[in-house]
Amino acid sequence: MQTIEITLDLSEIIYDIQNKTYLTGKCRRSDSNHELVANMQANDDDENANQVLRSISMAYAMLKTKLGEYLQQTVTKSSNTLIDTDARLSLSLRMPSNYNLATLDTITAAAHQYIVSSAVVDWFTITHKTDAPEYTLLAESSLKTMIEAVSKRCRPLRRIGKE
(Lines give C-alpha, C1' and ligand atoms only; values in the text may rest on other atoms or scores of the structure.)
Protein backbone atom coordinates (compact mmCIF):
# COMPACT_ATOMS: atom_id res chain seq x y z
CA MET A 1 0.00 0.00 0.00
CA GLN A 2 1.03 3.58 -0.55
CA THR A 3 -0.45 6.84 0.67
CA ILE A 4 -1.03 9.79 -1.62
CA GLU A 5 -1.73 13.24 -0.25
CA ILE A 6 -3.93 15.73 -2.08
CA THR A 7 -4.16 19.31 -0.88
CA LEU A 8 -6.60 21.83 -2.32
CA ASP A 9 -6.12 25.49 -1.51
CA LEU A 10 -9.48 26.96 -0.54
CA SER A 11 -8.59 30.40 -1.90
CA GLU A 12 -8.07 28.85 -5.36
CA ILE A 13 -11.44 27.11 -5.16
CA ILE A 14 -13.18 30.32 -4.10
CA TYR A 15 -11.50 32.29 -6.88
CA ASP A 16 -12.55 29.67 -9.44
CA ILE A 17 -16.17 29.79 -8.22
CA GLN A 18 -16.22 33.58 -8.35
CA ASN A 19 -14.63 33.59 -11.79
CA LYS A 20 -17.04 31.01 -13.22
CA THR A 21 -20.08 32.83 -11.85
CA TYR A 22 -18.69 36.15 -13.16
CA LEU A 23 -18.03 34.79 -16.65
CA THR A 24 -21.38 32.99 -16.81
CA GLY A 25 -23.16 36.17 -15.72
CA LYS A 26 -21.19 38.21 -18.24
CA CYS A 27 -22.36 35.86 -21.01
CA ARG A 28 -26.00 36.26 -19.92
CA ARG A 29 -25.86 40.09 -19.90
CA SER A 30 -28.36 42.00 -22.01
CA ASP A 31 -29.73 45.54 -22.02
CA SER A 32 -32.49 44.62 -19.57
CA ASN A 33 -31.03 42.21 -17.00
CA HIS A 34 -28.21 44.02 -15.22
CA GLU A 35 -29.51 43.25 -11.74
CA LEU A 36 -29.96 39.55 -12.53
CA VAL A 37 -26.42 39.35 -13.89
CA ALA A 38 -25.02 41.15 -10.85
CA ASN A 39 -26.79 38.71 -8.52
CA MET A 40 -25.41 35.72 -10.45
CA GLN A 41 -21.84 36.74 -9.70
CA ALA A 42 -20.47 35.47 -6.38
CA ASN A 43 -18.28 37.90 -4.45
CA ASP A 44 -16.62 38.38 -1.05
CA ASP A 45 -19.61 40.07 0.65
CA ASP A 46 -20.55 38.19 3.82
CA GLU A 47 -23.83 36.71 2.61
CA ASN A 48 -22.21 35.57 -0.65
CA ALA A 49 -19.04 34.26 0.95
CA ASN A 50 -20.94 32.34 3.64
CA GLN A 51 -23.13 30.60 1.06
CA VAL A 52 -20.13 29.71 -1.09
CA LEU A 53 -18.25 28.31 1.93
CA ARG A 54 -21.26 26.20 2.94
CA SER A 55 -21.51 24.86 -0.60
CA ILE A 56 -17.79 24.06 -0.64
CA SER A 57 -18.12 22.23 2.69
CA MET A 58 -20.92 20.07 1.35
CA ALA A 59 -19.07 19.33 -1.90
CA TYR A 60 -15.93 18.39 0.06
CA ALA A 61 -17.95 16.08 2.31
CA MET A 62 -19.53 14.43 -0.75
CA LEU A 63 -16.10 14.05 -2.34
CA LYS A 64 -14.87 12.23 0.75
CA THR A 65 -17.91 9.96 0.57
CA LYS A 66 -17.22 9.15 -3.09
CA LEU A 67 -13.56 8.40 -2.33
CA GLY A 68 -14.38 6.60 0.93
CA GLU A 69 -12.93 3.29 -0.24
CA TYR A 70 -9.50 4.90 -0.46
CA LEU A 71 -9.75 7.57 2.20
CA GLN A 72 -7.48 7.27 5.19
CA GLN A 73 -9.16 9.34 7.85
CA THR A 74 -8.09 9.51 11.48
CA VAL A 75 -10.42 12.35 12.52
CA THR A 76 -13.24 11.22 14.81
CA LYS A 77 -14.96 14.58 15.22
CA SER A 78 -16.89 16.84 12.91
CA SER A 79 -18.77 20.12 13.18
CA ASN A 80 -20.87 22.48 11.12
CA THR A 81 -18.63 25.47 11.81
CA LEU A 82 -18.04 27.58 8.73
CA ILE A 83 -14.65 26.78 7.23
CA ASP A 84 -11.99 29.47 7.14
CA THR A 85 -11.19 30.99 3.75
CA ASP A 86 -7.49 30.36 4.40
CA ALA A 87 -8.05 26.65 4.97
CA ARG A 88 -6.64 23.83 2.91
CA LEU A 89 -8.73 20.81 2.06
CA SER A 90 -6.74 17.61 2.40
CA LEU A 91 -7.33 14.08 1.25
CA SER A 92 -5.08 11.24 2.31
CA LEU A 93 -5.74 8.23 0.11
CA ARG A 94 -4.48 4.69 0.75
CA MET A 95 -3.75 3.23 -2.65
CA PRO A 96 -2.62 -0.25 -3.66
CA SER A 97 1.08 -0.75 -4.37
CA ASN A 98 0.44 -0.92 -8.11
CA TYR A 99 -1.47 2.38 -8.23
CA ASN A 100 -0.29 4.46 -11.19
CA LEU A 101 1.16 7.66 -9.73
CA ALA A 102 0.91 9.30 -13.15
CA THR A 103 -2.75 10.01 -12.41
CA LEU A 104 -2.14 11.97 -9.21
CA ASP A 105 -2.43 15.33 -10.98
CA THR A 106 -5.65 14.15 -12.62
CA ILE A 107 -7.17 13.24 -9.26
CA THR A 108 -6.17 16.62 -7.82
CA ALA A 109 -7.55 18.60 -10.78
CA ALA A 110 -10.76 16.56 -10.87
CA ALA A 111 -11.27 16.97 -7.10
CA HIS A 112 -10.85 20.73 -7.47
CA GLN A 113 -13.26 20.84 -10.40
CA TYR A 114 -15.81 18.64 -8.61
CA ILE A 115 -15.89 20.95 -5.58
CA VAL A 116 -16.04 24.09 -7.74
CA SER A 117 -18.78 22.77 -10.03
CA SER A 118 -20.84 21.45 -7.12
CA ALA A 119 -20.60 24.79 -5.33
CA VAL A 120 -21.56 26.65 -8.51
CA VAL A 121 -24.60 24.36 -8.85
CA ASP A 122 -25.67 25.40 -5.34
CA TRP A 123 -25.01 29.06 -6.16
CA PHE A 124 -26.98 29.02 -9.41
CA THR A 125 -29.80 27.03 -7.81
CA ILE A 126 -30.29 30.14 -5.67
CA THR A 127 -29.42 32.91 -8.13
CA HIS A 128 -30.14 31.64 -11.66
CA LYS A 129 -31.61 28.13 -11.87
CA THR A 130 -31.27 27.77 -15.63
CA ASP A 131 -27.46 27.60 -15.39
CA ALA A 132 -27.33 24.98 -12.63
CA PRO A 133 -27.77 21.87 -14.85
CA GLU A 134 -24.66 22.67 -16.89
CA TYR A 135 -22.53 22.69 -13.77
CA THR A 136 -24.22 19.53 -12.47
CA LEU A 137 -22.96 17.78 -15.61
CA LEU A 138 -19.47 19.21 -15.05
CA ALA A 139 -19.44 17.96 -11.45
CA GLU A 140 -20.56 14.48 -12.56
CA SER A 141 -17.91 14.43 -15.29
CA SER A 142 -15.21 15.43 -12.79
CA LEU A 143 -16.31 12.67 -10.45
CA LYS A 144 -16.13 10.08 -13.25
CA THR A 145 -12.66 11.29 -14.18
CA MET A 146 -11.55 11.05 -10.56
CA ILE A 147 -12.91 7.52 -10.14
CA GLU A 148 -11.19 6.47 -13.36
CA ALA A 149 -7.90 7.99 -12.17
CA VAL A 150 -7.92 6.28 -8.75
CA SER A 151 -8.61 2.99 -10.55
CA LYS A 152 -5.49 3.16 -12.75
CA ARG A 153 -2.85 0.54 -12.07
CA CYS A 154 0.64 -0.14 -13.35
CA ARG A 155 1.23 -3.37 -15.13
CA PRO A 156 3.51 -5.85 -13.42
CA LEU A 157 7.13 -6.12 -14.41
CA ARG A 158 8.86 -9.46 -14.79
CA ARG A 159 12.05 -9.67 -12.84
CA ILE A 160 14.57 -11.89 -14.55
CA GLY A 161 17.32 -13.42 -12.50
CA LYS A 162 18.35 -12.66 -8.98
CA GLU A 163 19.56 -9.24 -8.01
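Use the structure listed above.
Notes on the structure in this doc start here. (Residues numbered from 1 in each chain as written. Predicted model: local features only at pLDDT ≥ 70, side-chain atom pairs only at ≥ 80, totals over all residues. Heavy atoms only, no water.)

## Things to note about the layout of surface pockets
Its boundaries defined by the atoms lining it, the largest pocket holds a volume of some 550 Å³. Lining the largest pocket are 21 residues, and of these Tyr60, Lys64, Gln73, Lys77 and Ser78 lie nearest its centre. For the lining of the largest pocket, the element with the most residues is helix α3 (residues 46–66), which contributes 7 residues. Class assignment of the residues belonging to the lining of the largest pocket gives a composition of 9 nonpolar, 9 polar and 3 charged. (1 Å grid on protein atoms, 1.4 Å probe; cavity = no way out; pocket = protein on both sides within 12 Å on 5 of 7 lines; lining within 4 Å. Points joined across faces, edges and corners; volume = space filled by probe spheres on them. Helix = DSSP H or I, 4+ residues; strand = E, 2+ residues; numbered from the N terminus. Nonpolar A, V, L, I, M, F, W, Y, C, P; charged D, E, K, R; others polar.)

## Section: helix α5 (residues 132–150)
Taking 1.5 Å per residue as the helical rise, α5 with its 19 residues ought to reach 27 Å, and the 27 Å between its terminal C-alpha atoms agrees with that figure. Those residues of α5 that sit buried are Ala132, Tyr135, Ala139, Ser142, Leu143, Met146, Ala149 and Val150. Seen along its axis, α5 keeps its buried residues to an arc of 125 degrees; they face one direction. Exposed residues lying more than 90 degrees from the buried face of α5 are Leu137 and Lys144. Contacts made by the buried residues of α5 are with α1 (10–28), α3, β2 (88–95) and α4 (104–127). (Expected span 1.5 Å × (residues − 1). Buried < 20%, exposed > 50% of the residue type's maximum accessible area, 1.4 Å probe, protein only. Arc of directions from axis to C-beta. Contact = heavy atoms within 4.5 Å.)

## What about the pattern of salt bridges?
A complete count under the given rule lists 5 salt bridges for this structure. Put simply, aspartate 16 and lysine 20 hold a salt bridge, and the shortest N to O gap is 3.2 Å. On the criterion of helical spacing, the pair formed by aspartate 16 and lysine 20 is a turn pair, its members being 4 residues apart in helix α1. On the accessibility criterion, aspartate 16 (14% relative accessible area) is buried. In this structure, arginine 28 engages aspartate 131 in a salt bridge whose closest nitrogen and oxygen atoms are separated by 2.5 Å. Note that arginine 28 is positioned in helix α1 and aspartate 131 in the loop between α4 and α5, a separation of 103 residues in sequence. Since its relative accessible area comes to 31%, arginine 28 is described here as partly exposed. Taken together, the shared-partner salt bridges connect Arg28, Asp131 and Glu134 into one network. (Salt bridge = Lys/Arg side-chain N within 4 Å of Asp/Glu carboxyl O.)

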